Amino acid sequence: FLKAAMAASAGIAELIPSLPIETRCQPFHLRQLGGFWLPEMILPGVAAVHARFEPRPDDVFLASFPKSGTTWLKALAFATLNRDQHPPSDAGHPLRLRSPHDCVSFFELPFALAEGSGRAREDVFEAFPSPRVLATHLPYHLLPERVVAEGSGGRIVYVCRDPKDAFVSGWLFTKKKMAADAAKGNAGVPPPPYPLEQAFELFCDGRSVGGPQWLHVLGYWEESRRRPDKVLFLRYEDMLRDPAGNVNKLAEFMGCPFSGEEEAAGVVDAVVELCSLDSLKGSKGNRSGTTKLNIENGSFFRKGAAGDWRNHLTPEMAARLDEIVDGALQGSGFTF
Ligand code: A3P
């Protein structure tokens, strides 16, 4: 599998039209690369990061399967790394004025957007000051070799979430996006139907953005076991239970641990508070505006709970997905 993924990623620009396609998922057409389903529109960006991105030893990559706490992790990493310049209690903190997606860019997306514009030949992050924090939804095995190579420097933080909650969060998010697009595009024409059952079938079959979700998680988990200094593996549910403990872990891993004085002065708690769901949801930057993909900033904040799948999936659906996931992960040593 690894060999196939790497062989495919070396020349994927030419390969895109020949990759298996999935048109039933919303809101993107997906193509299968190296065993994973990715939005077709992002694939030129994947080819470009492989060809042009120059990593630096102090880069931090925030990786996740969609709807697993990416936005939260972006906020926490940004607030932690930049706390000297932007104390978390500042009324004018960037995270109070802008979306976490403006503060921390996705890695493959600007490369994808640059393709087709005049900037396709550039490394779009070259001008970013160090240390750079970039986010990605790419599976571990599709990251550029220069980023993952032994001795390459640069660290990766992964956040994982129960697949049932990631699925439900994604389905609701997609429905909202489809409704918003329909309202903008053709007033009065409702969005196409996207029944839960259809999305669930596709998800169980691994057909979702970045799917199969459990293999996305497994790739990073295995690497975090092999190279704990390279990959920090966090769980969304643990972060909810113990946000301060996880912020401390994150800071240590990123090479900027909180000092005893900072802890005593309440800086860790201030980071947690600044990045809490309620604080981000209510902030100026998230009450309006959209991301580069025209997604409303506010739509990244909903319940922020563990186990909300119970309100949407039947016990039979949950048991079915659990069985698929458990079967696929058998022998790996990983469990959700
Ligand atoms: P729910 O839809 O279950 O509420 P992503 O950022 O990867 O798109 O994930 C979105 C999920 O993370 C949503 O889950 C959202 O509510 C939750 N989330 C966003 N910000 C959060 C925060 N600050 N704390 C906890 N959960 C958060």
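Identification of the protein as Sulfotransferase from Dichanthelium oligosanthes is taken from an unreviewed UniProt entry. Of the protein, the UniProt comment under Sequence similarities (unreviewed entry) reads exactly: "Belongs to the sulfotransferase 1 family."

Enquirer: Hey, could you run me through empty space enclosed by the protein in this one?
Expert: In this approach a probe as big as a water molecule rolls over the atoms, and the regions it shows empty are the leftover space. Evaluation of the coordinates by the stated rule reveals two cavities of 30 Å³ or more. Looking at the lining of the largest cavity, its residues break down into three nonpolar, two polar and four charged. What the second largest cavity holds in volume is close to 30 Å³. For the lining of the second largest cavity, the secondary structure elements donating two or more residues are α4 (70-81) and α13 (243-253). When residues of the lining of the second largest cavity are assigned to their parent elements, the largest contribution, four residues, is made by α13. A per-class count over the lining of the second largest cavity returns seven nonpolar, one polar and no charged.

Enquirer: Looking at this structure, I do not really get the site of the ligand. What am I missing?
Expert: Neighbouring the ligand are 18 residues, the closest being Lys-67, Thr-70, Thr-71, Ser-169 and Gly-304. Contact distances for the ligand include 3.3 Å between a nitrogen atom and a backbone N or O atom of Leu-277. Tallying contributions element by element places α4 first for the shell around the ligand, with three residues. Looking at side-chain class alone, the shell around the ligand contains seven nonpolar, seven polar and four charged residues.

Enquirer: Explain the pattern of salt bridges to me, please; I cannot follow it from the model alone.
Expert: When the charged atoms of two side chains lie near each other, side chains of opposite charge can form a pair. Scanning the model with the defined rule gives 17 salt bridges in all. Residue Glu-150 pairs with Arg-227 through a salt bridge whose shortest N-O separation is 3.7 Å. Of this pair, Glu-150 sits in the loop between α8 (145-148) and β7 (155-160) while Arg-227 sits in the loop between α11 (213-226) and β8 (231-235), and the two are 77 residues apart along the sequence. For Asp-181, the salt bridge is made with Lys-177, and the minimal N-O distance between the two is 2.9 Å. In this pair, Asp-181 and Lys-177 both sit in helix α9 (residues 163-185), four residues apart, roughly one turn of the helix. Sharing partners across several salt bridges, the network here consists of Glu-22, Arg-24, Asp-205 and Arg-207.

Enquirer: So what exactly am I meant to see when it comes to the packing of aromatic side chains here?
Expert: How two aromatic rings sit relative to each other is set out by the distance from centre to centre and by the angle between their planes. This structure, assessed with the given rule, holds 17 aromatic pairs. The interplanar angle of 70° and the centroid separation of 5.5 Å between the aromatic rings of Phe-167 and Phe-200 together place this pair among those described as edge-to-face. Of this pair, Phe-167 sits in helix α9 while Phe-200 sits in helix α10 (residues 196-204), and the two are 33 residues apart along the sequence. With a relative accessible area of 4%, Phe-167 lands in the buried category. Within the aromatic cluster, the residues linked to one another by ring pairs are Tyr-140, Tyr-158, Tyr-220, Trp-221, Phe-233, Phe-334 and Phe-336. Its end group placed over the ring of Phe-106, Lys-74 keeps NZ or CZ at 3.6 Å from the ring centre. Over the aromatic face of Phe-258 sits the side chain of Arg-83, whose NZ or CZ is 4.0 Å from the ring centroid.

Enquirer: Got a minute to help me understand the layout of surface pockets in this structure?
Expert: Here the second largest pocket defines a volume of roughly 400 Å³. Considering the residues around the second largest pocket, the lining is formed by 18 residues, among which Phe-78, Asn-82, Cys-103, Phe-128 and Pro-131 are closest to the centre. Every element with two or more residues in the lining of the second largest pocket is listed here: α4 and α6 (100-103). Ranked by residues supplied to the lining of the second largest pocket, first place goes to α6 with three residues. For the lining of the second largest pocket, the residue count by class is eight nonpolar, six polar and four charged.

Enquirer: Would you mind going over the environment of Gly-245 with me for this structure?
Expert: Within the fold, Gly-245 resides in helix α13. For the pair formed by Gly-245 and Val-272, sequence separation is 27 residues and the distance between their alpha carbons is 10.0 Å.

Enquirer: What is the right way to read the nonpolar core from this model?
Expert: In globular proteins that are soluble, nonpolar side chains generally tend to be buried together. Grouped together as the largest cluster of nonpolar side chains are 97 residues, with contacts concentrated most on Phe-53, Leu-62, Leu-95, Val-157, Phe-167 and Cys-275. Examining the composition of this core, we find that seven residues originate from one element, α4, more than from any other. Beyond its immediate sequence surroundings of up to four residues, Phe-167 is in contact with Leu-196, Ala-199, Phe-200, Phe-203 and Leu-313.

Enquirer: When you look at the confidence of the model for the protein in this model, what are you seeing that I'm missing?
Expert: Atomic detail in the predicted coordinates should be set aside for any region of low pLDDT. In this model, the protein carries an average pLDDT of 91, and 93% of its residues clear a pLDDT of 70 or more. A low-confidence stretch, residues 1-6 stays under pLDDT 50, and its non-local contacts, those more than four residues away or across chains, total twelve contacts. Reported confidence for the predicted complex is 1.00 by ipTM and 0.94 by pTM.

Parameters at a glance
- Residues numbered from 1 in each chain as written.
- Predicted model: local features only at pLDDT ≥ 70, side-chain atom pairs only at ≥ 80, totals over all residues.
- Heavy atoms only, no water.
- UniProt positions renumbered as here; feature names shortened; annotations may be inferred.
- 1 Å grid on protein atoms, 1.4 Å probe; cavity = no way out; pocket = protein on both sides within 12 Å on 5 of 7 lines; lining within 4 Å.
- Points joined across faces, edges and corners; volume = space filled by probe spheres on them.
- Nonpolar A, V, L, I, M, F, W, Y, C, P; charged D, E, K, R; others polar.
- Helix = DSSP H or I, 4+ residues; strand = E, 2+ residues; numbered from the N terminus.
- Near = heavy atom within 4 Å.
- Polar contact = N/O pair within 3.5 Å; in protein donor to acceptor, adjacent residues only side chain to side chain.
- Salt bridge = Lys/Arg side-chain N within 4 Å of Asp/Glu carboxyl O.
- Phe/Tyr/Trp six-rings, centres within 6.5 Å; stacked < 30°, edge-to-face > 60°.
- Buried < 20%, exposed > 50% of the residue type's maximum accessible area, 1.4 Å probe, protein only.
- Lys NZ or Arg CZ within 6 Å of the ring centre and 35° of its normal.
- Core = buried A, V, L, I, M, F, W, Y, C linked by side-chain atoms within 4.5 Å.
- Contact = heavy atoms within 4.5 Å.
- pLDDT = per-residue confidence, 0-100.

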